[in-house]
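Overview (structure and organization)
Spelled out, the chains give:
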Amino acid sequence: MGQEPRGVWKSKLGFILAASGSAIGLGNIVFFSANAYRFGAGAFYIPYLIALFVLGIPVMMLELGVGHHYRRAFPEAMYMAAGVKGEWVGWFGLLNAAVITMYYITILAWVLGTLIGAFGSLWQASAVPAFGLEAGTLSNSMSYFFNMISRYDTVFYVLIVWLLNGIVVWWGTKSIERVVKVFVPLMWLFMIVLIVRGLTLENGSNGLYLLFTPDFEVMKNPQVWQGAFSQIFFTLSLGFGIMATYASYLPKDSDQTSNAFTISFLNCSFEFIAGIAIFALLFCFAIVPNASTLSMTFFVIPEGLGAFPVGVKLFGILFYTLLLTAGLTSSVSLVEALGSGVIDRFGLRRRPVVIIVCILGAIGSVIFALPKVIDPTLANDGTLGLTLLDLFDHWAFSYGLLICGFLECVFVGWVLGADKLRKSINKTSRYQLNISFDIMIKYVIPIVILVILGYAINTEASDGGVYGHDFVMGEQSNMHILVLVSWIIFTVGGALILTGIAAQKRKKKASALVDGGAGN
Ligand code: PHE
């Protein structure tokens, strides 16, 4: 069976739109505002910007550089860079990404459900029978959300979102490029409409003072730094192998330093204006976004939109369409990275791999959408699916990404040699990296990540988790332990198995070559 040719981006613009489309997602539109508020609003920008320059841009260059140099998806590129252990890191990153893909798509399914609600029922009071609540007990958006997640129709939405993802990656770069060319500019347009609306509301600028008044006291708190560092990884889609995969489809002579700057700049400016829009929107109605990322998405923002003097439905529809388009251009990059990791490593054909990835992924997403009510008092998460989602998010997001980032830097920095990567990047780049790049990759970033992780693990034991937001179950339950163990088995064990299978395959190929050679 001959190998299918690898994809290539038709144009540089196509690549930039796809990579920035991956970076710009739910993280920019809602998670940033929720985190910024939680970590001291104005105080958040400074650690955030430091995180961008210290961690974000160098790791972005590393991922783009590795993918571009070896022109293979993440696990194989890491194998070529740093041997079998490097390959394990590649699979670990992808499997952790798989967990995130599954629940990211469940959240997108809820976004789709809320978009449908925005045409009417989202704005009305309703009873929540699954929890025995009468109409008016909860806010309109909360009752809509809990009704949605306690019914089986969400499973249908999950399947629709997976189908959309499958269609977009079906033809690889070709179809991805087509979709991002429409969706990404549309996202910017929607965001601009929202920001104009937010700022023209009476008192719309109140939130801005809060967002931009630095508070140096808050910056003494290590949690703020931890929040900023995780946010940068997530928002730039780093620690997933996505940027490596996307860069592997670029022509040989493309400039990775300028790509890294462009993608980071587009992403962070989108996040910046989204922060302005959301803070303006909420503060003019005196709604305090003191909420976890999910409650921000599904409770707090609709409350703000519902308070609009005119055009509630219109802006609601606009907002959830924005979330859905931004989320889709992100989730397809996850699915593509997973699929092409397998395709490149095992020499398989694209179509069957896409089908299998979508089926397995959809099963995972359905689990996170399970409507079984396990906490009728709503003291915790309410349903089994949401509880699982929250617990998996805790490990995959707060730990998995940083661990993968740490390992990438260590293996590329020390085993391959940061200088080798730098020289490869410099060969085709206008802006030349100097030795400080090596120092960042080899020393600064690994040490910073280790300090953050050490701090996080330490706090984990004492107060139930630094990232414990208001959805997370209060006490350490068996489920908490079970989720941790499953996450470790899936990522660490799964990566071992895949690395083992790949090694077997290599051996077979080598011995077939030797046999073939002897026959000649
Ligand atoms: N960067 C995306 C966001 O900000 C999240 C994401 C991470 C998407 C990784 C894909 C891969 O929402």
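We now turn to the structure provided with this report. For every chain, the first residue of its written sequence is number 1, and the numbers climb from 1 along that sequence. Given that this is a predicted model, residues contribute local features only at a pLDDT of at least 70 and side-chain atom pairs are listed and counted only at 80 or more, while totals for whole chains, interfaces and linings are drawn from all residues. Water and hydrogen atoms were dropped before computing side-chain values, which therefore reflect all heavy atoms in the structure.

1. Topic: a nonpolar patch on the surface
Think of a patch as exposed residues, more than 30% relative accessible area, with no salt bridge, where like charges cluster within 9 Å and nonpolar side chains (Val, Leu, Ile, Met, Phe, Trp, Tyr) cluster within 5 Å. Only the protein chains shown count as cover for residues, and all accessible areas are computed by the Shrake-Rupley method using a 1.4 Å probe. Definition used for salt bridges: Asp or Glu carboxyl oxygen within 4 Å of a side-chain nitrogen of Lys or Arg. A contiguous nonpolar surface patch, about 700 Å² in accessible area, is contributed by W414, V415, I435, I439, Y443, I447 and V451. Starting at the N terminus, helices and strands are each numbered in turn, a helix being any DSSP run of H or I of at least four residues and a strand any DSSP run of E of at least two. Secondary-structure elements contributing two or more residues to the nonpolar patch are α15 (384-427) and α16 (435-463). No other element matches the five residues that α16 contributes to the nonpolar patch. Relative to the elements of secondary structure, V415 occurs in helix α15.

2. Points about the pattern of salt bridges
Scanning the entire structure with this criterion turns up nine salt bridges. Residue D153 is joined to R151 by a salt bridge in which the shortest nitrogen-to-oxygen separation is 3.2 Å. In this structure, D438 engages R422 in a salt bridge whose closest nitrogen and oxygen atoms are separated by 2.6 Å. Linking D438 in helix α16 with R422 in helix α15, this pair joins segments that are 16 residues apart in sequence.

3. Thoughts on the side chain of D255
Mapped onto the elements of the fold, D255 is located in the loop between α10 (242-247) and α11 (256-283). Exposed residues in this analysis have more than 50% of their type's maximum accessible area, buried residues have under 20%, and partly exposed residues fall in between, with area computed by a 1.4 Å probe over protein chains only. As used throughout, the charge tally considers Lys and Arg to be positive and Asp and Glu to be negative, leaving His and the chain termini uncounted. Put simply, D255 is tucked away with no salt bridge, and the nearest opposite charge, on R430, sits 4.7 Å away. Whenever a nitrogen or oxygen atom comes within 3.5 Å of another N or O atom, the pair is scored as a polar contact, on the condition that within protein one atom can donate a hydrogen and the other can accept it, and that pairs from neighbouring residues in sequence are kept only if both atoms are in side chains. At a separation of 3.0 Å, a polar atom in the side chain of D255 contacts the side chain of T257. By definition in these notes, contact holds between two residues if any of their heavy atoms fall within 4.5 Å. Setting aside residues up to four positions removed in sequence, D255 forms contacts with T428, S429 and R430.

4. Details of the nonpolar core
Among buried residues, those of type Ala, Val, Leu, Ile, Met, Phe, Trp, Tyr and Cys that are joined through side-chain atoms within 4.5 Å constitute a nonpolar core. W110 and F319 are the most contacted members of the largest nonpolar core, which totals 183 residues. Here this core takes 25 residues from helix α4 (residues 74-117), the largest share from any one element.

5. Remarks on unusual backbone geometry
With glycine set apart, most residues show a phi of negative sign, and most peptide bonds adopt trans. Phi at R71 takes a positive value of approximately 55°, unusual for a residue other than glycine. Among the secondary structure elements, R71 is positioned in the loop between α3 (42-70) and α4. One non-glycine residue, S237, lies in the positive phi region at around 55°. Topologically, S237 is positioned in the loop between α9 (222-235) and α10.

6. Observations concerning the site of the ligand
By convention in this text, a residue qualifies as near a molecule or strand provided that one of its non-hydrogen atoms is within 4 Å of it. In the vicinity of the ligand lie 15 residues, with A23, L26, G27, Y104 and F234 positioned nearest. Taking L26, its main chain carries an N or O atom lying 3.0 Å from an oxygen atom of the ligand. One of the side-chain N or O atoms of N28 is found 3.1 Å from an oxygen atom in the ligand. Here the ligand loses 100% of its free accessible area of 320 Å² to cover by the protein chains. Those elements that place two or more of their residues in the shell around the ligand are α1 (12-23), α2 (26-38), α9 and α13 (312-346). Think of it as three bins: nonpolar holds Ala, Val, Leu, Ile, Met, Phe, Trp, Tyr, Cys and Pro, charged holds Asp, Glu, Lys and Arg, and polar takes everything else, Gly as well. Considered class by class, the residues forming the shell around the ligand number seven nonpolar, eight polar and no charged.

7. Notes on the packing of helix α6 (residues 153-170) against helix α7 (residues 173-200)
Orientation is described by axes fitted as lines to C-alpha atoms, over the contacting stretch for helices, and by angles from 0 to 180 degrees between their N-to-C directions. Axis separation between α6 and α7 bottoms out at 5 Å; the angle between their running directions is 115°. Contact with α6, carried on its side by I167, V168, V169 and W170, involves S175, I176 and V179 of α7 and no other residues of that element. Across the contact of α6 with α7, the residue classes break down as six nonpolar, one polar and no charged.

8. Things to note about the packing of aromatic side chains
When the centres of two rings from Phe, Tyr and Trp lie within 6.5 Å, Trp using its six-membered ring, the rings pair. Their planes under 30 degrees apart give stacked, over 60 give edge-to-face, and anything left gives tilted. This structure, assessed with the given rule, holds 33 aromatic pairs. Their ring planes at 25° and their centres at 5.9 Å tell us that F31 and F234 sit as a pair that is stacked. Within this pair, whereas F31 is found in helix α2, its partner F234 is found in helix α9, the two being separated by 203 residues in sequence. One exposure class covers both F31 and F234, and it is buried. Their ring planes at 45° and their centres at 6.4 Å tell us that Y37 and F279 sit as a pair that is tilted. Separated by 242 residues along the polypeptide, Y37 in helix α2 and F279 in helix α11 bring together distant segments of the chain.

9. Things to note about the environment of I195
In this fold, I195 is placed in helix α7. In this structure I195 comes out as buried when scored by relative accessible area, which is 13%. Taking the C-alpha atoms as reference, I195 lies 34 Å from L62; in sequence the two are 133 residues apart. The contact partners of I195, leaving out residues within four places of it in the chain, are I273, I276 and A277.

10. Observations concerning α4
In this analysis, the expected span of each helix is defined as 1.5 Å times one less than the number of residues it contains. Over its 44 residues, α4 extends only 39 Å from the first C-alpha to the last, a length that falls short of the 64 Å expected when each residue adds 1.5 Å. Along α4, the sharpest kink reaches roughly 150°, centred on A82. Among the 44 residues of α4, 37 are classified as buried, and the element is accordingly described as predominantly covered. Bend at a given residue is defined as the angle between two axes, one fitted to the seven residues that end at that position and one fitted to the seven that begin there.

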